Amino acid sequence: QVRLRESGGGSVQAGEFLQLSCAGAEYSTHTDCVGWFRQAPGNQREGVAVICFPDRITENRFYADSTKDRFSISRNKRENTVYLQMYSVKPEDTAMYYCAAAPSSIDSARILLPSQYDYWGQGTQVTVSS
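Keep in mind that this is a model prediction, so the values were computed, not measured.

What counts and what doesn't
- Residues numbered from 1 in each chain as written.
- Predicted model: local features only at pLDDT ≥ 70, side-chain atom pairs only at ≥ 80, totals over all residues.
- Heavy atoms only, no water.
- Helix = DSSP H or I, 4+ residues; strand = E, 2+ residues; numbered from the N terminus.
- Rg over C-alpha atoms; globule rule 2.2 N^0.38 Å.
- Buried < 20%, exposed > 50% of the residue type's maximum accessible area, 1.4 Å probe, protein only.
- Contact = heavy atoms within 4.5 Å.
- Areas by Shrake-Rupley, 256 points an atom, 1.4 Å probe, with all protein chains shown as cover.
- pLDDT = per-residue confidence, 0-100.
- Pairing = 2+ DSSP bridges.
- Axes fitted to C-alpha atoms, helices over the stretch in contact; angles between N-to-C directions.
- Core = buried A, V, L, I, M, F, W, Y, C linked by side-chain atoms within 4.5 Å.
- Polar contact = N/O pair within 3.5 Å; in protein donor to acceptor, adjacent residues only side chain to side chain.

Draft legend 1. Focus on the overall build of the protein chain. When helices and strands are tallied, the protein chain shows zero helices and 11 strands. Along the chain direction, N to C, the helices and strands of the protein chain fall in the order β-β-β-β-β-β-β-β-β-β-β. Relative to the compact-globule value of 14 Å for 130 residues, the protein chain shows a C-alpha radius of gyration of 14 Å, a close match. Its C-alpha atoms put the protein chain at 40 × 30 × 25 Å along the principal axes. For the protein chain, the proportion of its 130 residues judged to be buried stands at 43%. Long-range contacts, defined as pairs at least 24 residues apart, comprise 57% of the intrachain contacts of the protein chain with a sequence gap of at least 6. Per element, the accessible surface of the protein chain, about 6700 Å² overall, is 43% carbon and sulfur.

Draft legend 2. Inspection of the confidence of the model for the protein chain at higher detail. Residues of the protein chain with pLDDT of at least 70 account for 95%, and the chain-wide mean is 91. Mean pLDDT per element in the protein chain: strand S10 (residues 119–120) is the minimum at 92, and strand S11 (residues 124–129) is the maximum at 98.

Draft legend 3. Focus on the sheet that holds strand S7 (residues 71–76). Strand order across the open sheet formed by four strands is S1-S3-S8-S7, with antiparallel pairing between neighbours. Each edge of the sheet is formed by a strand with only one pairing partner; in this case those strands are strand S1 (5–7) and S7. The mean inter-strand angle of the sheet, taken between neighbouring strand axes irrespective of direction, is 20°. The pairing of S7 with strand S8 (residues 81–86) spans six bridges and is classified as antiparallel. Across the sheet, residue Ser74 finds its bridge partner in S8, namely Tyr83.

Draft legend 4. Spatial organisation of the environment of Pro91. Here Pro91 lies in the loop between S8 and strand S9 (95–102). The spacing of Pro91 and Pro54 is 37 residues in sequence and 35 Å in space, taken between C-alpha atoms. Beyond its immediate chain neighbours, meaning those up to four positions away, Pro91 contacts Ala14, Val128 and Ser130.

Draft legend 5. Structural context of the nonpolar core. Ranked by internal contacts, the top residues of the largest apolar core, which has 26 residues, are Leu20, Trp36, Val82, Leu84, Met86 and Tyr97. Elements with a minimum of two residues in this core: strand S3 (18–23), strand S4 (33–39), strand S5 (46–52), S7, S8, S9 and S11. The next biggest cluster of nonpolar side chains, apart from the first, holds nine residues, and it includes Cys52, Ala100, Ile106 and Tyr117.

Draft legend 6. Focus on the side chain of Thr124. In this structure, Thr124 sits in strand S11. There is a polar contact of 3.1 Å between the side chain of Thr124 and the backbone nitrogen of Gly9. Apart from residues lying up to four places away in sequence, Thr124 is in contact with Glu6, Ser7, Gly8, Gly9, Leu20, Ala95, Met96 and Tyr97.

Structure (structure tokens):
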């Protein structure tokens with residue numbers, strides 16, 4: 001069982017930096033990819049960034065077009081934590097942010113689809129004001 005715990009959300013001003021953390025996302029037989037997703041009220045959940053570990057050395061990163069120039073996903077192996085660095089946040093980034101893990105490799109064409117992930121955290125709220 002993979003237990004994920006998000007933290008780091010909050011209320012910030014547009015243009016500021018925010019870092020989200022997802023603890024419990026260690027590489028194991030249960031985890032090949034860990035992703036960050038977000039859901040704003042009235043919207044569907046969407047993929048933001050994903051990091052995959054096909055082996056204990058390689059890390060592959062994938063980003064949504066809307067965030068690839070401002071967000072960065074990274075992993076701290078020792079702390080079993082995946083981070084989402086959010087630079088120059090915008091009001092449209094306001095949403096509940098979730099991390100999720102997939103127990104098997106995912107085709108890159110579906111890497112940002114929430115349906116591909118089996119384990120989810122409870123979410124952390126990000127609110128960006130203009």
